[in-house]
Amino acid sequence: MTVFLLQFTEEKLGQAEKTELDAHFENLLARADCTKNWTEKILRQTEVLLQPNPSARVEEFLYEKLDRKVPSRVTNGELLAQYMTEAANDFGPGTPYGKTLIKVGETQRRLGAAEREFIRSASINFLTPLRNFLEGDWRTISKERRILQNRRLDLDACKARLKKAKAAEAKAACEGDLWSDEVEKAEHELRLTQTEFDRQAEVTRLLLEGISSTHVNHLRCLHEFVESQTNYYAQCYQFMLDLQKQLGSSKGEIFSGTFVGNTESASPAAAASPPAVAAATLQAVPTIPVVPTIVGVPNTVAEGVLNPNEVKPPASGTRRARVLYDYEAADSTELALLADEMITVYSLPGMDPDWLIGERGNQKGKVPVTYLELLS
């Protein structure tokens, strides 16, 4: 150890020669260090993505180190679903608000379950291989590199010892002394240390070249991670789209029932407030043309039944709209939509502000505003 420290110190001070590794070996070392550093960063940030709560991450880390099973944790979506369901039971599951809470809560529960599955899949297929590399292959590489460093220091110390012995031999030859035994001993030690160094360099080189296989494995794991994330977000999108359709198809009925109930039980002043709210809502969207009411023509929307044949578009001011999502018509009064298609839209007196009349060729029907992007 003393020889190693002496050699290392003299190298740092520029007083001793150092055996340099070839350029290929140095490139392998640099690539290995780069792989290790970025793997650590990607691993840590993926853990933050999957579990933003630092306390929960520490708890999971401790359970893992103690080789104990991590307790099942309720996701935020599942907890929100539980609260919404309990609230619906208190408010009355048969009320419009209670019914909606139950629907939204069920969707949140499904979102939470999808999140749990995504976290499980990402942990198995992505995080675990990264950890295995850092705790397995990289530790082995680091250990062999330390041994190689010691072999290199030993080799350079033997070279320095042989150099000193030869210098002493040359000096002794002038004075008549014999130092040949010291030179032979130093040469023998140098041969042994050179052999050990070469053997250790080969072992380390093979391990470093294995980083290429590590990259291939991590690439496969990365594809699996992206696939899991894609499936997760696709599920979330579909769940929310289904929920939006449910709420969109029942929104008019819910508000209509709420207003009727309020009209029957509330004071005249309170009963008059919903129409005022509806009027204010219509005024807030002045760009949607409204078909004027014509004497002698039935107000089909006010009567609650829409007959597309009786609906006449305004002479001017209709708007074009792009469909954002597919929409299935609930009945014959509605118009089915396909994402990205263009339709003409306008409003009718007394219509729910969340709905418009849509036209596509000879087809007409009600369409939800939330599924449209209104164009100028």
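## Some points on the overall build of the protein chain
Each helix and strand in the protein chain was counted, giving nine helices and five strands. Put simply, the protein chain runs from its N terminus to its C terminus through helices and strands in the order α-α-α-α-α-α-α-α-α-β-β-β-β-β. Scored against the burial criterion, the 376 residues of the protein chain give a buried share of 31%. Surface exposure of the protein chain reaches about 23300 Å², of which carbon and sulfur atoms provide 57%.

## Comments concerning the sheet that holds strand E4 (residues 363-368)
If you trace the five strands from one edge of the open sheet to the other, you get E4-E3-E2-E1-E5, paired in antiparallel fashion. At either end of the open sheet lies a strand with only one pairing partner, and these are E4 and strand E5 (372-374). Direction aside, the axes of adjacent strands within the sheet are offset by 40° on average. Relative to E4, strand E3 (residues 355-360) runs antiparallel, the two being bridged by six bridges. Looking at E4, one finds that Trp-355 is bridged to Pro-368.

## A few points about unusual backbone geometry
We note that Asp-340 has phi near 75°; this positive angle belongs to a residue other than glycine. By the secondary structure assignment, Asp-340 is in the loop between strand E1 (319-323) and strand E2 (342-346).

## Topic: the environment of Gln-235
Mapped onto the elements, Gln-235 comes out in helix H7 (residues 211-265). Using a relative accessible area of 37% as the deciding quantity, one classes Gln-235 as partly exposed. As a C-alpha pair, Gln-235 and Leu-111 span 124 residues in sequence and 7.9 Å in three-dimensional space.

## Some details on the packing of aromatic side chains
Scanning the model with the defined rule gives 10 aromatic pairs in all. With 6.1 Å between their ring centres and 35° between their planes, Phe-118 and Phe-225 make a pair best called tilted. Residue Phe-118 is found in helix H5 (residues 96-175), and its partner Phe-225 is found in helix H7; the two are separated by 107 residues along the sequence. By the burial criterion, Phe-118 is buried, and Phe-225 matches it. Centroid distance Tyr-325 to Tyr-371: 5.7 Å. Interplanar angle 85°. Geometry classified as edge-to-face.

## Side note on the pattern of salt bridges
Summed over all chains, the structure comprises 16 salt bridges. A salt bridge links Asp-156 to Arg-152, with the nearest nitrogen and oxygen atoms 2.7 Å apart. Highlighted residues: Asp-156 and Arg-152, both in helix H5, separated by four residues, approximately one helical turn. The buried category is assigned to Asp-156, whose relative accessible area is 4%. We note a salt bridge from Glu-189 to Arg-161, for which the minimum N-O separation is 2.8 Å. In this pair, Glu-189 sits in helix H6 (residues 180-209) while Arg-161 sits in helix H5, placing the two residues 28 residues apart along the sequence. Connected via shared salt-bridge partners are Glu-202, Arg-205 and Glu-209.

Calculation notes
- Residues numbered from 1 in each chain as written.
- Predicted model: local features only at pLDDT ≥ 70, side-chain atom pairs only at ≥ 80, totals over all residues.
- Heavy atoms only, no water.
- Helix = DSSP H or I, 4+ residues; strand = E, 2+ residues; numbered from the N terminus.
- Buried < 20%, exposed > 50% of the residue type's maximum accessible area, 1.4 Å probe, protein only.
- Areas by Shrake-Rupley, 256 points an atom, 1.4 Å probe, with all protein chains shown as cover.
- Pairing = 2+ DSSP bridges.
- Axes fitted to C-alpha atoms, helices over the stretch in contact; angles between N-to-C directions.
- Phe/Tyr/Trp six-rings, centres within 6.5 Å; stacked < 30°, edge-to-face > 60°.
- Salt bridge = Lys/Arg side-chain N within 4 Å of Asp/Glu carboxyl O.

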